[in-house]
Amino acid sequence: MDPDPPLHETYKPLFANTKSNNDRPHVTVEERDLPSIDLSRLSQNEAEKEKCKEEIIRAAHEWGFFQVINHGISMELLEKLREEQVRVFNQPFQNKCREDKFLNFSAGSYRWGTPTATSLSQLSWSEAFHIPVTDISSSSMEAFATKVASLAQKLAGILAEKLGHKSSFFQESCLPSTCYLRLNRYPPCPIPLGIYGIMPHTDSDFITILHQDQVGGLRLAKDGKWVSVKPNPDAFFINIGDLFQAWSNGFYTSVEHCVVTHPTKERLSAAYFLCPSNETVIESCSKPSVYTKFSFREYRQKVQEDVRLYGYKVGLPRFLP
């Protein structure tokens, strides 16, 4: 049985209407090195530790996206995670659609394509398992989630400290029961229409921690252009989410990013999302507030409503006064 989701068959009408329905603007892409931060310096003398923290803060403020090396997560664990991803995604498509029966994942965790897409610019050529951390049963996935959760809390604490706040907010609000691990697979896409692996978006969380393979395809918006991110097997890529941008009153930046497809190679990545409970109220930590306060539930509902109505997420602009 074929493991691939039926992307081509399902979205064939969008391919047929490409000339009349292709609303993707021309984009300029350049390859640039993201800020790279060696986290082992956090264990050195006080002066080096403070310099490392300042680099993290500057990258989160100016870029909203950076990479970290010497993060304390072994290549052995990352290789075990990759093997688990390959095993899971190689299951027959029909089994993945019944993930609660065949794969020990909670019902509804498997996603593919973009059900609301009305044009190619809204289509994501990918499949994924979006798994609550508390639902993970695989030992390699559990070990990975535990390690990256600790890393996310450490980074959140450093970023909060800059704003004069303690990390206890994130420790109390972002628990294993509220955070997610997402396993992504981007199948080869031989159709030469510039289709996204995942369409441009920002993340609806505080911090995302991503590990990707060597195929490449990740892009982010910077200074009015798309920047192509060079793969780095030794690094984790960190990006600021919408909630941190709102909480920091706009000091940290949630950056639009996307993945472009490869014509012959599949791409795998794993992401951890530092999320609060639905009841958590997100309020700017300084005044005057750029955004009106909102609960995480309100934010998610508004995102889902916009995607349903318009085919894309509006995000934080919905909460401007």
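Criteria and cut-off values
Residues numbered from 1 in each chain as written. Predicted model: local features only at pLDDT ≥ 70, side-chain atom pairs only at ≥ 80, totals over all residues. Heavy atoms only, no water. Helix = DSSP H or I, 4+ residues; strand = E, 2+ residues; numbered from the N terminus. Axes fitted to C-alpha atoms, helices over the stretch in contact; angles between N-to-C directions. Parallel < 35°, antiparallel > 145°, perpendicular 65-115°, else oblique. Contact = heavy atoms within 4.5 Å. Nonpolar A, V, L, I, M, F, W, Y, C, P; charged D, E, K, R; others polar. Buried < 20%, exposed > 50% of the residue type's maximum accessible area, 1.4 Å probe, protein only. Polar contact = N/O pair within 3.5 Å; in protein donor to acceptor, adjacent residues only side chain to side chain.

Attention now moves to unusual backbone geometry. Between Lys287 and Pro288 the backbone carries a cis peptide bond, its omega angle lying at -5 degrees. By the secondary structure assignment, Pro288 is in the loop between strand 14 (281–282) and strand 15 (294–295). A positive phi angle, near 50 degrees, is found at Asn70, a position not held by glycine. By the secondary structure assignment, Asn70 is in the loop between strand 3 (65–69) and helix 5 (75–89). For Asn104, which is not glycine, the phi dihedral falls at a positive 65 degrees.

The next point concerns the packing of helix 4 (residues 46–62) against helix 8 (residues 139–162). Contact geometry for helix 4 and helix 8: axes closest at 10 Å, N-to-C directions at 85 degrees. It follows from the interaxial angle that helix 4 and helix 8 lie roughly perpendicular. Of helix 8, the residues touching helix 4 (which contributes Lys53, Ile56, Ile57 and Ala60) are Leu155, Ile158, Leu159, Glu161 and Lys162. Taken together, the residues that form the contact of helix 4 with helix 8 break down as 6 nonpolar, no polar and 3 charged.

The subject of this paragraph is the environment of Lys225. Within the secondary structure, Lys225 sits in strand 10 (residues 225–229). Among the residues examined, Lys225 registers a relative accessible area of 37% and is labelled partly exposed. Linking Lys225 and Asp2, residues 223 residues apart in sequence, is a C-alpha distance of 38 Å. At a separation of 3.4 Å, a polar atom in the side chain of Lys225 contacts the side chain of Glu30.

Don't take any of this as a statement about function, it's just geometry.
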